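One-letter residues, chain by chain:
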Amino acid sequence: MNFLSLLEAKRDGQNLGQSQITEIVQAYTNGEIPDYQMSSFLMAVYFQGMAAGETAALTLAVRDSGSTLRFPNDPRPIADKHSTGGVGDKVSLPLAPLLACLGFRVPMISGRGLGITGGTLDKLESIPGFRTALEPDKIIQQVQSIGCVICGQTADMVPADKSLYALRDVTGTVPSIPLITASILSKKLAENPQALILDVKFGTAAFMQTKERARALAESMVTLGHQCGVNTRALLTDMNVPLGRAAGNWLEVKESVECLENRGPADVHELVIECAAHLLVQTGRTSDIQEAQTQAEASLQSGEPRRKWDEMLRAQGADLAAFQQKLTLEETAPILLELCADKAGFVSQCDARIIGEVIRDLGGGRLTKETVINPAVGVDQLAKPGEPIQPGNVLARIHAATQAQAETARDRLQKAFQITNEPPSLAPLIQEVIE
Ligand code: URA
C-alpha cells in the first residue's frame, strides 16, 4: 500500500475502496502509519466526508481491529442501546434489566463521562462493590445466564477506536459525522447485536447541538447499522433540559431505581419504555409499537426488572445490603443546599448545559480523562419546564463536598432557571424516530 497516494486521493475528494480503508486501519493499528500521517488522513476525511461504503469499511475495520463478543445460538435476540449522552441521562441503567425481562440478551458495553456528559460506568461504580471491568467470558456467561450485563470495553475490544479517537481529539476532527458514526458503531457492532436503538440527542447539553446535525448523525448511523445487518433505529431526543430530576453519578443510580420501582420521573420512564418498545418491534417480537409499549409497561409494572437489577448487581460483585442501605440515605455528600424560587409563575427554562457544567465543577464530571470524580455530588429535586412554582419552592437541591462549592453552585444555577407568568409551550422529549 502506498499510503501517501491514498491520502492524496482522499484529500482531493476521491472515494477509497473498501480494501484500501481496511488496509489503512490495519497499518495504523500495527504502527506502520505514524500519527502525523494518520492525522492528515483524518483531516482529509473531516473536510471531504466519506461515501456510505467508505464509512461502512472504516467501521468494520475498526471493529475488527480487536476481538468481538461471540454468543452461543439462542432464541433470545441480542440487543443494545446507545446514547450520544447528556445531563441526567440514566436510561441505560433501568433499560438493561427491563430488556432482559422482555427476553433479550443485553451485552451493554458502556463508557465513562467526559465534560458535562455523564458516563454509565461512572454511575454504576457509585454502587458499593460493583465491578465494571469484566473479562469477555464473564460477559458472555452473565448475558447467557441472567440476560444482561453493563460493563466497560475489554482490553482487546476495538483498540483502533481508542487510538483514532485520541488523535481526533488533538486534531480538531472529532465533529466529523462519518468518523463519529464509525467510532460509535464499531464498538456496538463488536457485541454482535441483532438490533440497536440509538438515542441521538440535540440541544444545549448535547454532543450535537442542533436538531439538523443530530438528524444527520442519526441517519448516518441507522443506514450503516442496516448495511451491517443490524436492525437499527434512532430516536432524536431533546437535551435542552436534563433528563429526570437528578444529575450526578450516585443521584442518578438512585433515580434509576425509582424508575424500576415505577415512582421515577415521567421523562425517564417514557424514554426507557420507548427504547424497549422499539427493540421489541425491530426484532419482530411484537408487530406494532403501541402493543410493544403496553408489553414494556406491563413488564416494568410487574417489578420483575427491579429484581433483575439486583441480580445483575449481585453478578457483578455489588454488596446488595450496603447498596440498599445507601439508597435510604437522603445525602451522601457532606453539604446539601437548596436553590429556591423568589417569585411565583411557571418554570420555563431549566438549562441542561449550565446544570451539567455546575455538576462537573462540583467534581461530578471530568475536565480531562484523568480527573478523579466524586460520585456523591450533583443536583436533585430539579423543577422542570411547565411546572407551577411558588416563592420558596425548591428549583434544585445541590449535593456538594464543601459549603463554599455548594454556594458557588447555587449562584451559578440561578441562571439555569427562568420563571414566567404564563406556562411555556413544551416540546416533546422524543421528536423523531429514524428507521
Ligand atoms: N462517542 C464516541 O464513542 N465516539 C465519537 O466519535 C463521538 C462520541
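As the structure is a prediction and not an experimental result, all values here were calculated from the model.

Topic: the state of the cysteines
Then, number 1: For the structure on display, the rule yields 0 disulfides.
Then, number 2: With no disulfide of its own, Cys275 has Cys259 as its nearest cysteine by sulfur position, at a separation of 11 Å.
Then, number 3: You can call Cys275 buried: its relative accessible area is 0%.
Then, number 4: Here Cys340 is not disulfide-linked; the sulfur of Cys350 is the nearest cysteine sulfur, at 15 Å.

Examining the sheet that holds strand S10 (residues 394–400)
Then, number 1: Here 3 strands make up an open sheet; going across it, the order is S6-S10-S8 and the pairing antiparallel. Bordering the open sheet on either side are strand S6 (335–340) and strand S8 (378–380), each of which pairs with just one other strand. Across the sheet, the mean angle from the axis of one strand to that of its neighbour is 25 degrees, orientation sign disregarded.
Then, number 2: Looking at chain direction, S6 and S10 are connected through 6 bridges and run antiparallel. If you follow Leu339 over to S10, its bridge partner there is Ala396.
Then, number 3: Sheet contacts for helix H16 (residues 352–364): S8 and S10; angle to S8, the most-contacted strand, approximately 130 degrees.
Then, number 4: Running at roughly 20 degrees to S6, helix H17 (residues 403–414) makes contact with S6, S8 and S10 of the sheet.

Examining the domain arrangement of the protein
Then, number 1: Split into domains, the protein comes out as domain 1 (3–49), domain 2 (79–323) and domain 3 (335–420).
Then, number 2: For domain 1 and domain 2, the distance between their C-alpha centres works out to 31 Å.
Then, number 3: Each partner contributes to the roughly 980 Å² buried at the junction of domain 1 and domain 2, and carbon and sulfur atoms together form 83% of this total.
Then, number 4: Contact with domain 2 buries surface across domain 1, with Tyr28, Leu42 and Tyr46 losing the most and accounting together for 52% of the total.

Overview of the sheet that holds strand S5 (residues 231–238)
Then, number 1: Within the open sheet, the 4 strands sit side by side as S1-S4-S5-S12. Their pairing is mixed. One side of each edge strand has no neighbouring strand; the edge strands of this open sheet are strand S1 (79–83) and strand S12 (430–434). Sheet twist, expressed as the mean angle between neighbouring strand axes with direction ignored, is 15 degrees.
Then, number 2: As paired strands, strand S4 (residues 195–202) and S5 are joined by 8 bridges and run parallel to one another. Within S5, the residue paired with Ala195 across the bridge is Asn231.
Then, number 3: The sheet strands contacting helix H10 (residues 211–227) are S4, S5 and S12, and the helix crosses S5 at an angle near 170 degrees.

What counts as what
- Residues numbered from 1 in each chain as written.
- Predicted model: local features only at pLDDT ≥ 70, side-chain atom pairs only at ≥ 80, totals over all residues.
- Heavy atoms only, no water.
- Disulfide = S-S within 2.5 Å.
- Buried < 20%, exposed > 50% of the residue type's maximum accessible area, 1.4 Å probe, protein only.
- Pairing = 2+ DSSP bridges.
- Helix = DSSP H or I, 4+ residues; strand = E, 2+ residues; numbered from the N terminus.
- Axes fitted to C-alpha atoms, helices over the stretch in contact; angles between N-to-C directions.
- Contact = heavy atoms within 4.5 Å.
- Domains from an automatic or database assignment.
- Buried area = accessible area lost by both parts, 1.4 Å probe.

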